[in-house]
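One-letter residues, chain by chain:
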Amino acid sequence: MQISQVMHMMLEEYPQSDFLFVLDHKDDITFYPNQNDSVHLSYYQLKTDETTVTIAILLNNDWIAKLYNHLLEPDVEIDTLGLITIYPVKLCRSSLTDDKTKFCEVDDESIEKIKRHIADKENIPVESVDLSKLIHLRTPLNIRSHNKIVETELGDFLHGYNSCITIESEKAIFTSIWNILSSLQQYEGLSPSADFTEIKTHKGFSKTEFDEIIKIAIDIHILPFEKIISYIGPTEPYEKEKFGLAYSYLIGDYSNNDSRIGEISNYISTTIDKNPIEDDESILCYLKRCKKNILVDYSNSLIIYKDTYYIELLVILKLIKSGGTY
Amino acid sequence: MNVIFKNILIVDIEKKTARKITLHERFNIFTSSENHVGKSSLLKSLYYTLGADVFFDDRWKKENKFCSLDFNFNEKNYTINRLKTKYCIFENDKLIFQGSETKNIIPILESIFNFTIYLRNKNKHLTKAYPVLTYLPYYIDQDSGWEETPFSSFITGQYDKKQILHSLYYHLGLQEDAISDAVNNLKSNEKKLKEIEDDVNNEKNVLWLLLSKSGQIIEGVDIADLEKRLTFSKEKIESVVKEIIISRNRIQKLQSELVQHQAQLKIIADYSKIKSDLSPDKKVDQTLLCPNCGYNISSNLYDMVRKSYSVQNENYLNQQIIHIVDNIKLDLKIESENYLNLQNMLKEEEEIKSESKKPYLLYITQRGLSKTIMELQDSIGTKEQEIQKLQINNKILKKLIDNSDKKKEIDIAYKSNLNLSFNNLGIPLDEMNDVGLMKLANGQGTLSTKIILAQYLALFKTMEKLETNAPHFPFVVDSPKAKEAVGESVNFIFEQLSYLNIPSQIIISTVEFDKSLLKTEMSNIHTTVLSEKFALLNSKQYAENENKINDYLAIMNHIDTK
């Protein structure tokens, strides 16, 4: 659920920050509003209890104290220390039912109790305890369907991001991010004193990577065959069949995890940039011209595609997406 | 050209008796004091051996007689043997003919004597005369020869009087080369004409048949249209066959594609079973330059997203391939149906072609008929032209043969000589009214022998005068039986004949011939006296000539009389 929560937060943060999320390092979630800024950050603890959390649970389990302890870390400036729960938190005289509540703005009795608890734990005077950075967040996710909920959220987001994005791409993006976040979470080779770069590399997921995944997903999406053919325009049956075969092979290669696809895709992108389509040139002719040029430039690695429409297919996929029809 | 008899051998094959008589170049006289010694039979046997039929005495039994005559002609020695109707002929001891029936010796005698008499038969066609007419002027029979008219000594029942007399012209040179050639040409032309006419008739019949047949077949059928239709049919079959080949290739291609698509589906299915670890390794070992923004992206990230994409969208991707596969299957189905339809179409076309071989056969027949009809028409045209030419040619030839001036010349010459002969023989000229070759003078009363003889003499003199190329045979004269006339007559005859160069050999039989009684001195007279009655042939002579007889009979016995 921690992953779902990060994804949820990413989607929320996307419009306003160049985020970097770190999982399970120093706390459940570390949020850098600027991925290149190691100083300003926020820590979040996610509590997945399925009952209402009382102030007693809050204090007895040292949830607040642990969060507050981050304020003592050197060389950083904490923006927020957040406690995330599924259900509302019942305090002395009030309950935290809103999405976001600052602890400094709850009932006085509860504030008093929390301050005293922190002062005790940190061994500092009660007056010096500052609750202004401590907040409570109520997550819309739940234990049973958090991934579905966040997937829906992602879908909505992506639809806003690019209205032409397909369900297939959405699935790829979701799974990709999920898998990355899972692996980040599971990575345990990092020492508590690791520097920012290490943390970013092994435990962090940035907005850049998020964008990248979206782009790759859109890029790699294989459009329905008939759509490709309709884009090419009138074709002879045998050409359609050759495209069909290339299509099958491409899908096979995808499934077969053929690492050359990325490489070829890159060649194709370069060739398209160098050789734009001419005004009076038919799509089919253009595809063949591109293939010819690609084979000239990269003949050694692409020779096996010479007699197929594999390269033509990749070129047309690129063209369709870059042409805005996608 | 004279024919000279050298020997005659007469054999009775039953009695095994024989008589060989040697004959001499000029005068040969066979005489006896009594009758029935065989003189006449001997003389009759001469031309009998050469193929002429004569009146033999019943007692002679000619069916038992084998005769062999040696003669010389044109510096060649010939032997002709006859037994009943069997003949064999030797030229300088070389057998040149053996066969039966007299008509079959006509050609060989023609070639020996270089002499042919043509007579028109009942159908007005020229035919070669039997040998008897070749000897007609050269024999006077003891009985029939001296009765009424000359030239009646042989049995010539197959010819009428006119034909017989007409043959005399040939002896007087009518058979000139030109006429002979004309006759030969006419003969050959007529044969050719008949063949061509037969051919033309046959061809006309065939043509008529073809035209009537083709009329039935061709009715309403235009050969060009037929040709076009057949060509079309052929083209259609070719076109269908081409389509079948294309369809077959297409099916094979589609099947091959289907296999490839299905292989890809299997790869995807296999892959999804083993779903590899999709955990991303954050270690950046390779970068890709984004062509759009120039951003360096992780190839790991790319691969990972792609993996995610393929795993997540396995169904979608499979569906895409399955969709293509379905389309191919549909195409295959359509193409297979098309293939079957084409096959059926081809079958139908072939059946139509074989079933309605009619149009095809019609075409063949029509083509064949047209060609044949044209060829026949050409052939008939050519032959009819040839017929016309031959007919014109034949008319000319007939005219040449029938209206020969030679005939008139002969008539004049003959009449002149007849006149002379009558004068010489003391026959009153009033006996000569309208007498000529075609109208003989009858021998009457005491002048009978003279009148008959005069006509022979006139004939021979005419031969001499006209210098004909006809062969001259020995003149065989059997003296008249009338006793009172005998002595004087024979001497008289001898005197008359002694003036002649033609014939050069004269063979006479008479009773009581007395050389001393001749008014003129004559040399070269060979007289043979026969004395024994009914014993011309004898065993002694048979024995003397037995080897020869046996040799000849052996040949004769081998001749098939069929």
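Below: a short report on this structure.

What counts as what
Residues numbered from 1 in each chain as written. Chains lettered and ligands numbered in written order. Predicted model: local features only at pLDDT ≥ 70, side-chain atom pairs only at ≥ 80, totals over all residues. Heavy atoms only, no water. Helix = DSSP H or I, 4+ residues; strand = E, 2+ residues; numbered from the N terminus. Buried < 20%, exposed > 50% of the residue type's maximum accessible area, 1.4 Å probe, protein only. Contact = heavy atoms within 4.5 Å. Areas by Shrake-Rupley, 256 points an atom, 1.4 Å probe, with all protein chains shown as cover. Salt bridge = Lys/Arg side-chain N within 4 Å of Asp/Glu carboxyl O. Polar contact = N/O pair within 3.5 Å; in protein donor to acceptor, adjacent residues only side chain to side chain. Expected span 1.5 Å × (residues − 1). Core = buried A, V, L, I, M, F, W, Y, C linked by side-chain atoms within 4.5 Å. Domains from an automatic or database assignment. Pairing = 2+ DSSP bridges. Axes fitted to C-alpha atoms, helices over the stretch in contact; angles between N-to-C directions. Phe/Tyr/Trp six-rings, centres within 6.5 Å; stacked < 30°, edge-to-face > 60°. Lys NZ or Arg CZ within 6 Å of the ring centre and 35° of its normal.

1. Side note on the overall build of chain B
For chain B, the count of helices and strands is 13 helices and 15 strands. Looking at chain B residue by residue over its 562 residues, the buried ones come to 49%. When contacts within chain B are restricted to residue pairs at least 6 apart in sequence, long-range pairs at least 24 apart make up 73% of them. When the accessible surface of chain B is split by element, carbon and sulfur atoms take 49% of a total near 29300 Å².

2. Regarding the interface of chain A and chain B
Chain A puts 50 residues into the contact, and the matching count from chain B is 42 residues. Our count for the contact surface shared by chain A and chain B stands at two salt bridges. Note that Glu241 of chain A and Arg250 of chain B form a salt bridge whose closest N and O atoms lie 2.5 Å from each other. Across the contact surface, chain A and chain B share twelve residue pairs in polar contact (both at pLDDT 80 or more). For the side of chain A that touches chain B, the secondary structure elements donating two or more residues are helix H6 (167–186), helix H8 (207–220), helix H9 (225–232), helix H10 (237–255) and helix H11 (260–274) of chain A. Counting residues per element, the side of chain A that touches chain B draws most heavily on H10 of chain A, which supplies 13 residues.

3. With respect to H8 of chain A
The periodicity of an α-helix, 3.6 residues per turn, causes residues three or four positions apart to be oriented the same way. In this model, H8 of chain A (14 residues) spans 20 Å end to end at C-alpha, consistent with the 20 Å of a helix rising 1.5 Å per residue. Within the sequence span of H8 of chain A, burial applies to Lys207, Glu209, Phe210, Asp211, Glu212, Ile213, Ile214, Ile216, Ala217, Ile218 and Ile220 of chain A.

4. So, the nonpolar core
Ranked by internal contacts, the top residues of the largest apolar core, which has 103 residues, are Phe5, Tyr47, Phe71 and Phe113 of chain B. At eleven residues, the largest contribution of residues to this core is made by helix H10 (residues 448–466) of chain B. Here this core gathers at least three residues from each of two domains, domain 1 (1–113 + 474–562) and domain 2 (115–175 + 404–470) of chain B. Excluding anything up to four places from it in sequence, Phe113 of chain B contacts Val3, Leu50, Phe71, Phe73, Tyr135, Pro471 and Phe473 of chain B. By size, the runner-up hydrophobic cluster in this structure holds 94 residues, among which are Ile165, Phe210 and Tyr298 of chain A together with Ile268 of chain B.

5. Here we look at H11 of chain A
In this model, H11 of chain A (15 residues) spans 21 Å end to end at C-alpha, consistent with the 21 Å of a helix rising 1.5 Å per residue. Those residues of H11 of chain A not exposed but buried are Ile261, Gly262, Ile264, Ser265, Tyr267, Ile268, Ser269, Thr271 and Ile272 of chain A.

6. Quick word on the sheet that holds strand S5 (residues 77–85) of chain A
Residue and element names in this part refer to chain A. Taken together, seven strands build an open sheet; the order of strands is S8-S9-S5-S3-S2-S1-S10 and the sheet is mixed. Of all strands in the sheet, those bounded by a partner on one side alone are strand S8 (100–102) and strand S10 (204–206). Strand-to-strand twist across the sheet, computed as the mean angle between neighbouring axes with direction ignored, equals 25°. Two strands pair when backbone bridges link them, and strand S3 (residues 40–47) and S5 are joined in this way by eight bridges, in the parallel orientation. Looking across to S5, one finds that Tyr44 is bridged to Gly82. This element, H6, spans strand S1 (20–25) and S10 of the sheet and lies at about 150° to S10.

7. Here's the deal with the pattern of salt bridges
Residue and element names in this part refer to chain B. Taken as a whole, this structure holds 24 salt bridges over all chains when the rule is applied. Between Asp141 and Lys44 there is a salt bridge, and its shortest N-O distance comes to 2.6 Å. Here the residue Asp141 occupies a position in the loop between strand S10 (139–140) and helix H3 (161–174), and Lys44 occupies one in helix H1 (residues 39–49), the gap between them amounting to 97 residues. Just as Asp141 is buried, Lys44 falls in that class too.

8. What to know about the packing of aromatic side chains
Going through the model one piece at a time under the given rule, you end up with 32 aromatic pairs over all chains. An angle of 55° between the planes, with centres 5.4 Å apart, marks the rings of Phe19 of chain A and Phe21 of chain A as tilted. The class for Phe19 of chain A is buried, based on a relative accessible area of 0%. Using a relative accessible area of 0% as the deciding quantity, one classes Phe21 of chain A as buried. Ring geometry for Tyr48 of chain B versus Phe56 of chain B: centroids 5.1 Å apart, planes at 85°, classification edge-to-face. Residue class for Tyr48 of chain B comes out buried when judged on its relative accessible area of 2%. Positioned above the aromatic ring of Tyr48 of chain B, the side-chain terminus of Arg82 of chain B is 3.9 Å from the ring centre.

9. Structural notes on the sheet that holds S10 of chain B
Through backbone hydrogen bonds, the strands of a sheet pair up, either in parallel or in antiparallel fashion. Residues and elements named next belong to chain B. The strand order S10-S13-S14-S3-S15 describes an open sheet built from five strands, whose pairing is parallel. The sheet is open, and its two borders are formed by S10 and strand S15 (525–529), each paired with just one other strand. Judged from the two bridges that link them, S10 and strand S13 (residues 475–478) form a sheet pairing that is parallel. Bridged to Ile140 within S13 is Val477.

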